Amino acid sequence: MYDVNYTNILQLHDSDLDSSTPTKPCDKGWYYEKSEFDETAVTAWDLVCKDDYYVPLILSTTFIGTFIGAQFFSSLANKIGRKQTFALTAFIIALSDVGSSLSPNFTLVVLLRILQGTAVSTIYSTPYSLLLELVRPDLRMWMNEISTISWTAGLCLIPMFAWLTRSWVILSAVNSVCAAALFVCGRYIPESPIWLISQGRYEKATDILKKISEFNGKTAHEHDDQLLEKIQVSFMI
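In this text the structure is predicted, and so the values were computed from the model without any measurement.

Here we come to unusual backbone geometry. The phi angle at Asp 46 is positive, at roughly 55°, despite the residue not being glycine. The residue Asp 46 is located in the loop between helix 2 (41–45) and helix 3 (54–80) in this model. Judged by its relative accessible area of 30%, Asp 46 falls in the partly exposed class. The residue Cys 49 is not glycine, and still its phi comes out positive at about 55°. Within the element layout of this structure, Cys 49 appears in the loop between helix 2 and helix 3.

Spelled out as structure tokens, the structure:
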């Protein structure tokens, strides 16, 4: 805490404090004003006074994980497919959120935040790529707009959920439920036909395109052999 006379600050309304202001240990303890929250990571682990630097550390370690995950999962998506990579990242986020809220010590929280960070960017970029690979070129701009707006809307809703739940544990649980829902929904999303074709899995790509054709009321699915031949010829070209 700052080594100043707080009574004078309150009386004079002068709070001109900066990094050059001398500090001293919090020898008189501390009190949390909880009019807007019940529990946060700061109150749970007493990340104040000499331990206040741990607060930005949580965010920093998340970005470290993001840097690692962006490299790893982008390569993984090209090897095992967009669908499986998306499911894996959703599972990681759900698991790390639950683990963080139930963690018995702060060190485990930091490690789980790094793990969660590895999946943060990929859980958006992977379904985004999958979405663009499933639609016609003339629809990709609209899909891009819908995807971006949805992501932004989700970010805007997080403060509202934080205000409603008033607890970082409950907020983590809400986030875990959302990630678990994405994991379940991912089971019903078709794999990218473009990725399947790049792997030489023409029959599987044909099956998916047939289902898309049938769902959209088209006729491509009525000519299996011709569709498969077109896919093979197009890829060879």
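The next point concerns the UniProt feature "transmembrane region" (unreviewed entry) in the chain. The UniProt feature table records "transmembrane region" (unreviewed entry) at residues 53–73, 85–102, 108–130, 142–162 and 168–189. With 96% helix and 0% strand, the stretch residues 108–130 has end C-alpha atoms that lie 33 Å from each other. Structurally, residues 142–162 is divided into 100% helix and 0% strand, and its ends, taken at the C-alpha atoms, are 31 Å apart.

By the definition in use, this model includes seven aromatic pairs. Ring centres of Tyr 124 and Tyr 128 lie 5.8 Å apart, and the angle between their planes is 15°; on these two criteria the pair is classed as stacked. With a gap of four residues between them, Tyr 124 and Tyr 128 both fall in helix 6 (residues 122–134), about one helical turn apart. For the ring pair Tyr 124 and Trp 151, a centre distance of 4.6 Å and an interplane angle of 50° mean the geometry is tilted. Linking Tyr 124 in helix 6 with Trp 151 in helix 7 (residues 140–165), this pair joins segments that are 27 residues apart in sequence. The exposure class assigned to Trp 151 is partly exposed, which follows from its relative accessible area of 36%. Among the aromatic residues, those joined into a cluster by ring pairs are Trp 45, Tyr 53, Tyr 54 and Phe 106.

Each value, and the rule that gives it
- Residues numbered from 1 in each chain as written.
- Predicted model: local features only at pLDDT ≥ 70, side-chain atom pairs only at ≥ 80, totals over all residues.
- Heavy atoms only, no water.
- Helix = DSSP H or I, 4+ residues; strand = E, 2+ residues; numbered from the N terminus.
- Buried < 20%, exposed > 50% of the residue type's maximum accessible area, 1.4 Å probe, protein only.
- UniProt positions renumbered as here; feature names shortened; annotations may be inferred.
- Phe/Tyr/Trp six-rings, centres within 6.5 Å; stacked < 30°, edge-to-face > 60°.

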